[in-house]
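# Analysis of the macromolecular model
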Amino acid sequence: MKYNKYSIIFLIFPILLGLLFLCSSHKTAHRYYFSLSEMKVNTDKKTLELSCKLFTDDLEDALMKLNHSKVDLARSQDNKAVQKQVQDYLHERFKIVINGMASTTELIGFETENDVTWFYLEAKVTVVKTAPVKMKVMNSLLYDFLPEQTNVMHVIWNEKERTEKLVHPDKEVVFEF
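Residues numbered from 1 in each chain as written. Predicted model: local features only at pLDDT ≥ 70, side-chain atom pairs only at ≥ 80, totals over all residues. Heavy atoms only, no water.

### Focus: the overall build of the chain
Applied cut-off: Helical segments are the DSSP runs of H or I of at least four residues, strand segments are the runs of E of at least two, and each set is numbered from the N terminus. Burial status follows relative accessibility: with a 1.4 Å probe on protein chains alone, a residue under 20% of its type maximum counts as buried, one over 50% as exposed, and anything between as partly exposed. Any two residues whose heavy atoms approach within 4.5 Å are treated as being in contact. Areas reported as accessible are Shrake-Rupley estimates using a 1.4 Å probe. Residue values count occlusion only from the protein chains shown.
The helix and strand tally for the chain stands at 3 helices and 10 strands. In sequence order, the chain lays out its α and β elements as α-β-β-α-α-β-β-β-β-β-β-β-β. Among the 177 residues that make up the chain, the fraction classed as buried is 38%. Within the chain, contacts between residues at least 6 apart in sequence are counted, and of these 58% link residues at least 24 apart. Working note: accessible area of the chain is about 11400 Å², and carbon and sulfur atoms make up 56% of it.

Okay, here's the thing in C-alpha cells:
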C-alpha cells in the first residue's frame, strides 16, 4: 500500500496531538510561593484561632528535607507522627507575642484542598478587651527552602482588622490595636 504525504500527515497528526496532551497534562510546579495566615482573637472567649494556608507540595518538600522522610499530607490527617512534624515545623517558624508574652499554639488539625493545605491552630490569650494591644508575629514559613516566599497575615482582633505582607527575608511584623 502506497501512502502520499497527506495520508501520512493524517496518520501522524493524531499521534502527535495525543503526545502533546499527555506531556502538557502532568503536574507542574507553581511559579509563586505564597502563604496566607489568618488570626482571629476573641478576648471575651480568651482565644486566638490561627488558620494557615500553604501549598501542599512546598510544605511536603520542606518536611522531607528536614526529617528525611516522604510525607503525604492529603493522607496523613490521622497520622500522629506527621502531625508532630507539622506541629514542630509551625511552632519553630510561626510565633506570636502579645504585649510581651509568647502565645503557645496547639495544632487542632489540617485538611488538604486541591493543591493547598489548611492548618488550624489555637492558643489562649489573657488580654483585657479594652487594653491597648501590641501583637508581634514572627513568620518564616518556608523561608529556609524557598527564598521567593511571601507570607501574608490577616489579623482580626475583636472585629478590628489589619493585614500585612512579609517578603523573604523579612520575618517580623507588629500589629497594634
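### A closer look at unusual backbone geometry
Here the bond from His168 into Pro169 is cis, since omega is 15°, no more than 30 degrees from zero. Relative to the elements of secondary structure, Pro169 occurs in the loop between strand 9 (160-167) and strand 10 (172-176). The backbone of Lys46 shows a phi angle near 55°, a positive value even though the residue is not glycine. Structurally, Lys46 can be placed in the loop between strand 1 (34-42) and strand 2 (47-55). Even without a glycine there, the phi angle at Leu142 is positive, about 65°. By the secondary structure assignment, Leu142 is in the loop between strand 7 (134-139) and strand 8 (150-157).

### Some points on helix 3 (residues 80-93)
For an α-helix the count is 3.6 residues per turn, leaving residues at separations of three or four pointing the same way. Keep this limit in mind: For a helix, the expected span equals 1.5 Å multiplied by the number of residues minus one.
With 14 residues, helix 3 ought to run about 20 Å at 1.5 Å a step, and its terminal C-alpha atoms sit 20 Å apart, in line with that. All of the buried residues along helix 3 are Val82, Gln85, Val86, Gln87, Tyr89, Leu90 and Arg93. Packed against the buried residues of helix 3 are helix 2 (56-67), strand 3 (94-98), strand 5 (106-113), strand 6 (116-124) and strand 7.

### Some thoughts on the sheet that holds strand 7
Consider a sheet: its strands pair through backbone hydrogen bonds, and that pairing is either parallel or antiparallel. Put simply, the rule reads: DSSP-based pairing: two strands are paired if at least 2 bridges between them are found. Fitting a line to C-alpha atoms yields each axis, with helices limited to the stretch in contact; the angle taken between N-to-C directions then spans 0 to 180 degrees.
Strand order in the open sheet formed by 4 strands is 4-3-7-10, and the pairing between neighbours is antiparallel. Strands with a single pairing partner mark the edges of an open sheet, and in this sheet they are strand 4 (101-103) and strand 10. Taken over all neighbouring pairs, the strand axes of this sheet differ in orientation by 25° on average, direction set aside. Across 3 bridges, strand 3 lies against strand 4 in antiparallel orientation. Residue Val97 lies in a different strand from strand 4, and its bridge partner there is Ala102. Relative to the sheet, helix 3 contacts strand 3 and strand 7, its axis offset from that of strand 3 by approximately 50°.

### Things to note about the nonpolar core
General note: in soluble globular proteins, nonpolar side chains tend to be found buried as a group. Applied cut-off: Residue types Ala, Val, Leu, Ile, Met, Phe, Trp, Tyr and Cys, when buried and joined through side-chain atoms within 4.5 Å, form a set referred to as a nonpolar core.
One finds Met39, Leu48, Leu73, Phe94, Ile98, Phe119 and Met135 to be the most contacted residues of the largest nonpolar core, which totals 39 residues. Residues within four places of Phe119 in sequence aside, it is in contact with Leu50, Ser51, Cys52, Leu54, Leu59, Leu73, Val86, Leu90, Gly109 and Phe110.

### Observations concerning the confidence of the model for the chain
Here is the rule: Here pLDDT means the predictor's own confidence in every residue, given as a number from 0 to 100.
Considering every residue of the chain, the mean pLDDT works out to 87; 83% of them sit at 70 or more. Between residues 23-27, whose pLDDT stays under 50, and residues either more than four places distant or in other chains, the model counts 0 contacts.

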